[in-house]
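Coordinates in review
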Amino acid sequence: PGNLLVDADGNLCYVDFGLVGQLTRKQQDQLIDLFVAIIFKDAETVARVCYRAGGTHERLDLRGFAREVDELFARYANLTMEEQPMGTILTDLVQLTARHSLRLPEEYAMLARAGVTLDGIARLHVAGWNMFDTLKPFALKLATRRHDPTKMSTDALSLANQAMIAARDLPLQLDQIMMDLER
């Protein structure tokens, strides 16, 4: 792309940042979960994260969706890392979520596109580039940080607070449901 250059020392240089967005903390956490699950080919977690991130107005067969994600991983399993088309894998995953009526946030599509672009550039300029091998240590680090006791206690407090708010709001929500049913 026109906004990326490789200098004489082989460093990747950004000319401009093009479309720039911001991710919420929740989106960041979901992307970390998704990233780690894809790197370790954990189809069930990929399915759950996609469902939590995008949601749907229809019933979702989560097991069926996870099975199809697993089939997607299996489709590329026998290829060498150099042969694995990252762009096709991510495109297939996005199409799979659409087939199951999941609506992923726009930011995720932009990030997938950026990942595909960077993978393509790296394949051209870095001999033996292997995205999965390159990213696996980073995924391990993220997964380890995610299970840090300090982070977990903060998450537990946040969940307890959310449960308390939901319990407090329940009577109001039930009143709303009853009024809707009476109409």
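Residues numbered from 1 in each chain as written. Predicted model: local features only at pLDDT ≥ 70, side-chain atom pairs only at ≥ 80, totals over all residues. Heavy atoms only, no water.

Describing the side chain of Thr97
Position of Thr97 relative to the elements: it lies in helix H4 (residues 86-99). Residues in contact with Thr97, not counting those within four places in the same chain, are Cys50, Phe65, Leu102 and Leu104. (Helix = DSSP H or I, 4+ residues; strand = E, 2+ residues; numbered from the N terminus. Contact = heavy atoms within 4.5 Å.)

Re H4
Taking 1.5 Å per residue, 14 residues should reach 20 Å; H4 reaches 20 Å between its end C-alpha atoms and fits that length. Met86, Gly87, Ile89, Leu90, Asp92, Leu93, Leu96 and Thr97 are the residues of H4 that are buried. Where H4 is buried, its residues touch helix H1 (25-39), helix H2 (43-54), helix H3 (62-77), helix H5 (106-125) and helix H6 (131-146). (Expected span 1.5 Å × (residues − 1). Buried < 20%, exposed > 50% of the residue type's maximum accessible area, 1.4 Å probe, protein only.)

Observations concerning the nonpolar core
Counting residues in hydrophobic clusters, the biggest one holds 30 residues, and the most contacted among them are Leu34, Ile38, Val46, Cys50, Phe65, Val69 and Phe73. Among the secondary structure elements, those contributing two or more residues to this core are H1, H2, H3, H4, H5 and H6. No other element matches the 6 residues that H3 contributes to this core. Setting aside residues no more than four positions away along its own chain, Ile38 makes contact with Val46, Phe73, Leu93 and Phe132. (Core = buried A, V, L, I, M, F, W, Y, C linked by side-chain atoms within 4.5 Å.)

Some points on H5
Owing to its 3.6 residues per turn, the α-helix brings residues three or four apart onto one side. Compared with the 28 Å implied by 1.5 Å per residue over 20 residues, the 29 Å span of H5 between its first and last C-alpha is a close match. Residues of H5 that are buried include every one of Tyr108, Ala112, Gly115, Asp119, Ile121 and Ala122, and no others.

A short note on the environment of Ala37
Looking at the secondary structure, you find Ala37 in helix H1. When its relative accessible area of 4% is taken as the criterion, Ala37 is described as buried. Once the C-alpha coordinates of Ala37 and Ala47 are considered, the two residues, 10 residues apart in sequence, prove to be 9.4 Å apart. Ignoring sequence-local partners within four residues, the contact set of Ala37 consists of Asp42, Thr45 and Val46.

Regarding the packing of H1 against H2
For any two helices packed against each other, the geometry is given by the interaxial angle and the distance between the axes. One can describe the packing of H1 onto H2 by two numbers: an axis separation of 9 Å at closest approach and a directional angle of 155°. Judged on the interaxial angle alone, H2 and H1 are roughly antiparallel. As H1 runs across H2, the sense of the crossing is left-handed. On H2, the residues touching Gln30, Asp33, Leu34, Ala37 and Ile38 of H1 are Thr45, Val46, Val49, Cys50, Arg52 and Ala53. Considered class by class, the residues forming the contact of H1 with H2 number 7 nonpolar, 2 polar and 2 charged. (Axes fitted to C-alpha atoms, helices over the stretch in contact; angles between N-to-C directions. Parallel < 35°, antiparallel > 145°, perpendicular 65-115°, else oblique. Left-handed = near helix turned anticlockwise from the far one by under 90°. Nonpolar A, V, L, I, M, F, W, Y, C, P; charged D, E, K, R; others polar.)

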